[in-house]
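# Survey of secondary and tertiary structure
Each chain, written out:
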Amino acid sequence: MVTAEGGDESAAVEYEPVGVKQLLVSMKDVSELMVDLAYSALLHNSDALADEVLELESRMDVLQMQARMNTLMAARTTTDSKQLAPVLGIIGAAEKISEAAGDIATVVLGDEELPGSIRAALPDAMEVLARATVDDGSPYEGRTLGEIDLETETGVRVIGVHDEEEWVLTPNQETRLDAGDVLLLRGAEYNLSTVYETATGTPYEQPEESESDITDLRRAVDTIVLMKNVSELSVDLAYASVLLDDTDLAQEVHALEVEVDSLQSRLEAWILQAATEVDQPVRLRGLLHLASSTELISDAALEITEGILRDIDTHPVITESVRESDVAVRRVEVHRDSELAGKTVAGVLEANPGVSVIAIRRSNDEWVFYPDGEEQVDAGDRLIARGTWNATEKLVATVRG
């Protein structure tokens, strides 16, 4: 493995052999968790969560150097080099994602704050990310996630658990929750508030909206939320394209990256206009940094697909590392004779426990991100679903009829 002596950026790094697959799994898990933590820190204006992001960024620095060294050591022939080139691309992409998350965290920790009204409005427009500490005496204390069956019962996912020592990056059915454990929860606000109160013993409080002297702020909020949703979906689809060696999915990532670029241009134009209406235009720098960081995430997702788009055979270590994370993202089209055609998202989830629908692409190419339970699923729609391997495989079979 690579070791960094002294714990700072300039510390010496030494090579020791570690499996590339193991390193890629760690990088994927750490970078995805960092994005979730960064947006959670933003929503709750939490210095503690922002600090967690920056600590994980330091961990990622070591992982990416470690992965590069071991990948280069594995290339012994020109064929090896060709197949391993996309591995280096994925390593670089995961590092960029972590850097973008770190930049979002610095908005929370630094002087370049977002207008308070934007922070308060974000939870209404997307899934909520909340940090909850398991209280002594909570119904969750001493039980595993499998025993609680939280996602099936509430639709709320535990995407990270911090015990006394470190983050559990991919909590599974066997992960035990103890008093003092910090949970990172993700889900719709109305469900998450109940789970939060059950875990902590205290009510969940959404950030209060403050007055703003900036007009048409809602448009900026909608643009930021859409950029976030598109970029996160891009990462999910990018890893899925690598796993399934699916060119269509990779091209979908490319189309989404173009959409994020367009959204960034739209937001920058709005900020320039808004700067003429406020006493201190410097207050808007946080918005620029947030937009730039979000766009960087979508760029990194496109880099993950580079090997697929260039028709380079996927190296087995890539597919194995994506599968090792135990979370699958699948895109499936609802056929006319499928039993789910015409049902709601809630009906899809009820029939397929362990799965969450993170997006729907309508037959007219319109996207619906993080649809609520009342959203209808029609024939010709393409569902983007996340869940365990077994659960997503069952969904594929059900949706196709």
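None of the values given here were measured: they were computed from a predicted structure.

## Observations concerning the overall build of the protein chain
A count of helical and extended segments in the protein chain gives 14 helices and 12 strands. Residues counted as buried form 52% of the 401 residues belonging to the protein chain. As displayed, the protein chain offers around 17,900 Å² of accessible surface, 44% of which is attributable to carbon and sulfur atoms.

## Examining a negative patch on the surface
A contiguous patch of negative charge, built from D163, E164, E165 and E166, is present on the exposed surface. Along the polypeptide, E166 turns up in the loop between β5 (157-162) and β6 (167-168). Of the residues examined, E166 reaches a relative accessible area of 44% and is grouped as partly exposed.

## Here's the deal with the packing of helix α9 (residues 247-274) against helix α10 (residues 285-304)
Between α9 and α10, the least distance of the axes is 9 Å, while the angle of their chain directions is 170°. Classified by the angle between their axes, α9 and α10 sit roughly antiparallel to one another. Where α9 abuts α10, its residues V253, H254, E257, V260, D261, Q264, L267, E268, W270 and I271 lie against L287, L288, A291, S292, E295, S298, D299, A301 and L302. Considered class by class, the residues forming the contact of α9 with α10 number 10 nonpolar, 4 polar and 5 charged.

## Description of the sheet that holds strand β9 (residues 328-333)
Each strand in a sheet pairs with its neighbour through backbone hydrogen bonds, running either in the same direction (parallel) or in the opposite one (antiparallel). Strands sit in the order β9-β12-β10-β11 across an open sheet of 4 strands; the sheet is antiparallel. Two strands close off the open sheet at either side, each with one partner strand: β9 and β11 (367-369). Each strand of the sheet is rotated relative to its neighbour by a mean of 25°, with strand direction disregarded. Where strand β10 (residues 355-361) meets β11, 3 bridges bridge the pair, whose relative direction is antiparallel. Across the sheet, A359 pairs through a bridge with F369, a residue of β11.

## Observations concerning the side chain of E52
Here E52 is to be found in helix α2 (residues 47-74). Within the buried core, E52 has no salt-bridge partner, and the shortest N-O distance to an opposite charge, that of R131, equals 4.7 Å.

## Looking at the pattern of salt bridges
The tally for this structure, following the rule as stated, stands at 12 salt bridges. Close ionic contact of E232 with R186 constitutes a salt bridge, the shortest N to O distance being 2.8 Å. Here E232, found in helix α8 (residues 217-244), pairs with R186, found in strand β8 (residues 182-187); they are 46 residues apart in sequence, far enough to count as distant. For the pair shown, E232 and R186 are each scored as buried. Between D236 and R386 there is a salt bridge, with its nearest N and O atoms 2.6 Å apart. Taken together, the residues span a long stretch of sequence, with D236 in helix α8 and R386 in strand β12 (residues 382-387) at a distance of 150 residues. Summarising the burial analysis for this pair, D236 and R386 share the class buried.

## A few points about the packing of aromatic side chains
The final tally for this structure, using the stated rule, is 2 aromatic pairs. Each ring, one from Y196 and one from Y204, has its centre 5.4 Å from the other, and the planes form 70°; the classification is edge-to-face. Ring centres of W367 and F369 lie 5.7 Å apart, and the angle between their planes is 10°; on these two criteria the pair is classed as stacked. Over the ring of Y239 we find K28, and its NZ or CZ is 5.1 Å from the ring centre.

## Observations regarding the nonpolar core
Core analysis: the largest hydrophobic core is formed by 74 residues, its most contacted members being L37, W167, L233, L267 and I384. Other than its neighbours up to four places away in sequence, L267 contacts A220, T223, I224, M227, L287 and A291. Judged by nonpolar contacts, the second largest core, of 18 residues, contains A132, V134, L177 and A199.

## Let's talk about the environment of V345
Within the element layout of this structure, V345 appears in helix α13 (residues 345-351). Ignoring sequence-local partners within four residues, the contact set of V345 consists of V357, I360, P371, D372, G373, E375 and V377.

## So, helix α7 (residues 189-200)
Since the α-helix turns once every 3.6 residues, residues separated by three or four places project in the same direction. If you check α7, its first and last C-alpha atoms are 16 Å apart, about what 12 residues at 1.5 Å a residue would give, namely 16 Å. Inspection of α7 places L192, S193, V195, Y196, A199 and T200 among the buried residues, and these make up the whole buried set. Positive phi shows up at G201, right after α7, with a value of about 80°.

## Focus on unusual backbone geometry
The phi torsion of most residues other than glycine is negative, and most of the peptide bonds are trans. One non-glycine residue, D149, adopts positive backbone phi at about 55°. For D149, a relative accessible area of 30% corresponds to the partly exposed category. Positive phi values are uncommon outside glycine, yet D365 reaches one of about 75°. Within the secondary structure layout, D365 lies in the loop between β10 and β11. Note on D365: relative accessible area 42%, which makes it partly exposed.

## Examining the confidence of the model for the protein chain
Scored by pLDDT, the protein chain comes out at a mean of 78, with 82% of its residues at no less than 70. When the criterion is pLDDT under 50, residues 1-11 qualifies, and its contacts beyond four places in sequence or with other chains add up to 24 contacts.

## Thoughts on the packing of helix α3 (residues 78-109) against α10
The contact between α3 and α10 brings their axes to 8 Å, and the two run at 165°. Between α3 and α10, the angle is such that the two are roughly antiparallel. Along this stretch, α3 crosses α10, giving a crossing that reads as left-handed. Residue-level inspection shows G89, I90, G92, A93, K96, I97, A100, D103, I104 and V107 of α3 in contact with α10, the latter providing G286, H289, L290, S293, L296, I297, A300, E303 and I304. The class makeup of the residues in the contact of α3 with α10 is 11 nonpolar, 5 polar and 3 charged.

Each value, and the rule that gives it
Residues numbered from 1 in each chain as written. Predicted model: local features only at pLDDT ≥ 70, side-chain atom pairs only at ≥ 80, totals over all residues. Heavy atoms only, no water. Helix = DSSP H or I, 4+ residues; strand = E, 2+ residues; numbered from the N terminus. Buried < 20%, exposed > 50% of the residue type's maximum accessible area, 1.4 Å probe, protein only. Areas by Shrake-Rupley, 256 points an atom, 1.4 Å probe, with all protein chains shown as cover. Patch = residues over 30% accessible without salt bridge, like charges linked within 9 Å, V, L, I, M, F, W, Y side chains within 5 Å. Salt bridge = Lys/Arg side-chain N within 4 Å of Asp/Glu carboxyl O. Lys, Arg positive; Asp, Glu negative; His and termini not counted. Charge placed at Lys NZ, Arg CZ, Asp CG, Glu CD. Axes fitted to C-alpha atoms, helices over the stretch in contact; angles between N-to-C directions. Parallel < 35°, antiparallel > 145°, perpendicular 65-115°, else oblique. Contact = heavy atoms within 4.5 Å. Nonpolar A, V, L, I, M, F, W, Y, C, P; charged D, E, K, R; others polar. Pairing = 2+ DSSP bridges. Phe/Tyr/Trp six-rings, centres within 6.5 Å; stacked < 30°, edge-to-face > 60°. Lys NZ or Arg CZ within 6 Å of the ring centre and 35° of its normal. Core = buried A, V, L, I, M, F, W, Y, C linked by side-chain atoms within 4.5 Å. Expected span 1.5 Å × (residues − 1). pLDDT = per-residue confidence, 0-100. Left-handed = near helix turned anticlockwise from the far one by under 90°.

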